[in-house]
Amino acid sequence: MEISQDASRTSGRRRWWALVGFAAAVFVAAAIGGLGVQGTTGEYASLQQPSWAPPSWLFGPVWSLLYALIAVAGWLVWRRVGFGPALWAWTAQLVLNAIWTPLFFGAGQYGLAFAEIVLMWLAIGLTVVLFSRVSRVAAALMLPYWAWVTFAAALNLSIWQLNT
């Protein structure tokens, strides 16, 4: 009986450490993006933007919440099926997420950033589909992110058009 309790505790700890790992992966993607925006507040403010563009202070809180949802969603899927096709899609969209910010802000490549965000949007969609086969909760946690990236893609396109 004691062995199974120890195994259960170890398994429980492993699950929580895995959540820490998913949070770390998302943090790394966010940090890469954060490096791409350092010192660009003035540049972003100087761009012609559509009237519906949100204030720049809104991005930090929104992304913080979305990154938490992305981490938990990946962790929930991992708990059910381990690392398979659904988590490969999750990883791909996370890599694309990390790339977008340096393209848009760091390099000022608005057209290339738009093409990249379209790929990210598709990767998120694939992730949602694959997650829904494993965990509806995990898929639902990805929906606000997909919606925000839809909005961000429209904003990216508009800024690209207004500033070329």
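Rules behind the numbers
- Residues numbered from 1 in each chain as written.
- Predicted model: local features only at pLDDT ≥ 70, side-chain atom pairs only at ≥ 80, totals over all residues.
- Heavy atoms only, no water.
- Helix = DSSP H or I, 4+ residues; strand = E, 2+ residues; numbered from the N terminus.
- Buried < 20%, exposed > 50% of the residue type's maximum accessible area, 1.4 Å probe, protein only.
- Contact = heavy atoms within 4.5 Å.
- Areas by Shrake-Rupley, 256 points an atom, 1.4 Å probe, with all protein chains shown as cover.
- Expected span 1.5 Å × (residues − 1).
- Core = buried A, V, L, I, M, F, W, Y, C linked by side-chain atoms within 4.5 Å.
- Bend = angle between axes of the 7 residues up to and from the residue.
- Polar contact = N/O pair within 3.5 Å; in protein donor to acceptor, adjacent residues only side chain to side chain.
- Patch = residues over 30% accessible without salt bridge, like charges linked within 9 Å, V, L, I, M, F, W, Y side chains within 5 Å.
- Salt bridge = Lys/Arg side-chain N within 4 Å of Asp/Glu carboxyl O.
- Phe/Tyr/Trp six-rings, centres within 6.5 Å; stacked < 30°, edge-to-face > 60°.
- Lys NZ or Arg CZ within 6 Å of the ring centre and 35° of its normal.

**Topic: the overall build of the protein**
When its secondary structure is counted, the protein shows 6 helices and 0 strands. When its helices and strands are written in sequence order, the protein yields α-α-α-α-α-α. Relative to its full complement of 164 residues, the protein shows a buried share of 43%. Across the protein, contacts joining residues at least 24 apart in sequence account for 79% of those joining residues at least 6 apart. Accessible area for the protein stands at about 9,100 Å²; split by element, carbon and sulfur atoms hold 69% of it.

**Some remarks on helix α3 (residues 59–81)**
For α3, which comprises 23 residues, the first-to-last C-alpha distance of 33 Å matches the rise-based estimate of 33 Å (1.5 Å per residue) to within 8%. Positive phi appears at Gly82, one or two residues downstream of α3, with a value of about 75°.

**Description of the nonpolar core**
Among the nonpolar cores identified, the biggest contains 52 residues, and Ile70, Trp90, Phe104, Met120, Phe131, Met142 and Tyr145 are the most heavily contacted of them. Those elements that place two or more of their residues in this core are α1 (2–37), α3, α4 (85–106), α5 (110–132) and α6 (136–162). Considering each element in turn, this core owes the most residues, 12 residues, to α3. Sequence-distant contacts of Met120, that is, excluding residues within four places in its chain, are made with Gln93, Leu96, Asn97, Trp100, Tyr145 and Val149.

**Here we look at α6**
The end-to-end C-alpha distance of α6 is 39 Å, a good match for the 39 Å that 27 residues give at a rise of 1.5 Å each. Within α6, the axis deviates most sharply at Leu143, by approximately 25°, and proline Pro144 lies no more than four positions further along.

**What about the environment of Trp146?**
Note that Trp146 resides in helix α6. The class for Trp146 is partly exposed, based on a relative accessible area of 22%. Separated by 24 residues in the primary sequence, Trp146 and Leu122 place their C-alpha atoms 9.3 Å from one another. Reaching out from Trp146, the side chain makes a polar contact with the backbone oxygen of Trp121 at a distance of 3.1 Å.

**Overview of a nonpolar patch on the surface**
Together, Val118, Leu119, Trp121 and Leu122 make up a nonpolar patch on the protein surface, roughly 340 Å² of accessible area in all. Take Leu119: it is sitting in helix α5.

**Remarks on the packing of aromatic side chains**
In total, this model carries 14 aromatic pairs according to the counting rule given. Their ring planes at 70° and their centres at 5.9 Å tell us that Phe59 and Trp148 sit as a pair that is edge-to-face. Within this pair, whereas Phe59 is found in helix α3, its partner Trp148 is found in helix α6, the two being separated by 89 residues in sequence. Residue classification places Trp148 among the buried positions, given a relative accessible area of 13%. Taken together, Trp52, Phe59, Trp148 and Phe151 form an aromatic cluster joined through their ring pairs. For Arg79, the ring lying beneath its charged end belongs to Trp75, and the centroid distance is 4.8 Å.

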